[in-house]
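Listed below are the residues making up each chain.
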Amino acid sequence: MKTDLLLRQTRMRFPRFDVDEIKITPIEKGGSDRKFYRVRCSSEQTLILVKYNLEREENRHYVEIAQFLEAHGIRAPKIYFHDPEEGLIWLEDLGEEDLFSHRNESWLVRRAFYESALDEVAKLHSLPESFCVEMRNRLPAEFNAALYVWEQNYFFENCLARYFKIDDAQLRELAALPALGEIAQLLASWPRVLVHRDFQSQNILVRNGQAYLIDFQGMRPGLAEYDLASLLFDPYVDLSQVERAELIEYYRGQNSKNGFDERLRLCAMQRLMQALGAYGFLGLVKGHKQFLKHIPAAVKSLRAIAAAIEGVRPLATTLSSLA
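Residues numbered from 1 in each chain as written. Predicted model: local features only at pLDDT ≥ 70, side-chain atom pairs only at ≥ 80, totals over all residues. Heavy atoms only, no water.

Caption draft 1: Main features of helix α10 (residues 260-285). End to end, α10 covers 36 Å across 26 residues, agreeing with the expected 38 Å (1.5 Å per residue, within 8%). Of all the 26 residues making up α10, 20 are buried; the element is thus mostly covered by neighbouring parts of the structure. At the C-terminal side of α10, Gly287 shows a positive phi close to 80°. (Helix = DSSP H or I, 4+ residues; strand = E, 2+ residues; numbered from the N terminus. Expected span 1.5 Å × (residues − 1). Buried < 20%, exposed > 50% of the residue type's maximum accessible area, 1.4 Å probe, protein only.)

Caption draft 2: Spatial organisation of the layout of surface pockets. Approximately 620 Å³ is the volume attributed to the second largest pocket. Lining of the second largest pocket is provided by 21 residues; of these, Phe233, Leu239, Gln241, Arg244 and Ser301 occupy positions nearest its centre. Counting residues per element, the ones that place at least two in the lining of the second largest pocket are α9 (241-252), α10 and α11 (295-307). Counting residues per element, the lining of the second largest pocket draws most heavily on α11, which supplies five residues. (1 Å grid on protein atoms, 1.4 Å probe; cavity = no way out; pocket = protein on both sides within 12 Å on 5 of 7 lines; lining within 4 Å. Points joined across faces, edges and corners; volume = space filled by probe spheres on them.)

Caption draft 3: Quick look at the environment of Ile79. By the secondary structure assignment, Ile79 is in strand β4 (residues 79-83). Between the C-alpha atom of Ile79 and that of Gln67, which follows or precedes it by twelve residues, the distance is 7.5 Å. Excluding residues within four positions of it along the chain, Ile79 makes contact with Tyr62, Val63, Ala66, Ile89, Trp90 and Leu91. (Contact = heavy atoms within 4.5 Å.)

Caption draft 4: Seen up close, the environment of Thr3. Tracing the backbone through its elements, the reader meets Thr3 in helix α1 (residues 3-13). Separated by 213 residues in the primary sequence, Thr3 and Phe216 place their C-alpha atoms 25 Å from one another. In contact with Thr3, not counting residues within four places along its chain, are Ile24 and Tyr37.

Take it as geometry only, folks, not as evidence of what the structure does.
Below is the structure:
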């Protein structure tokens, strides 16, 4: 949709703004299939306008999820107007400062932002079952064994095969490791809560020192440890083992159950496989080459985690050979 049409739509939805002052500027944002624009309505006020693909089901859930988060005191952008027929959302502009932008600051500064992010996602994870039932029924998918297996195959196809060009025989041998299917079944057997699903540093905005969640349209029932693993093993940011351990202890103080360490380790494996599959797909199929530079960091983390999981060590050995 051209910016002049978006401008016309904005004028219709917000007639009190001065027509001559409204300016729309595209925002470049990762590998998303959505288009983002900053709408400057006056010298003092801006909005974010999102144009989403009507054919992708999870995009249609963004507004409903945002309103759900707001209702439960979880910080996220406020929705000003939604046009579901055109696939347009006008929402609060929280600025451009994300957790990723602080990656080079001291740990003392970063830790406060990470803890704020963990506070927000812990609110989501700890919502009583009664609050989640209706939302669960409206979401497009959940983390079941089939989805965990899909993540594994996504990794084999788009990272090991497409990017590293590992031969078919070795791929089949790795994909057939019995432990992978067992892990998928085990993860799916544990009780689920609502999870963000893409809880990493570029999906957490920081405003006035407080964290806000964005890009939560993929929210679904899953394991809280998957979100935690997404943040702590984020290939975009190099956390030290000490920093990671401090954040784990902080989260455990709010939301920890028996078996936490095992679930976190297995979820970290799954999340990194998913991320590596995405980097290969986005970089080589969609042409977003900037994602390819994050593959070495993600491979390093996955190699270390796989080496500590019984039955998956052949994968760690293969990853070591790629270094």
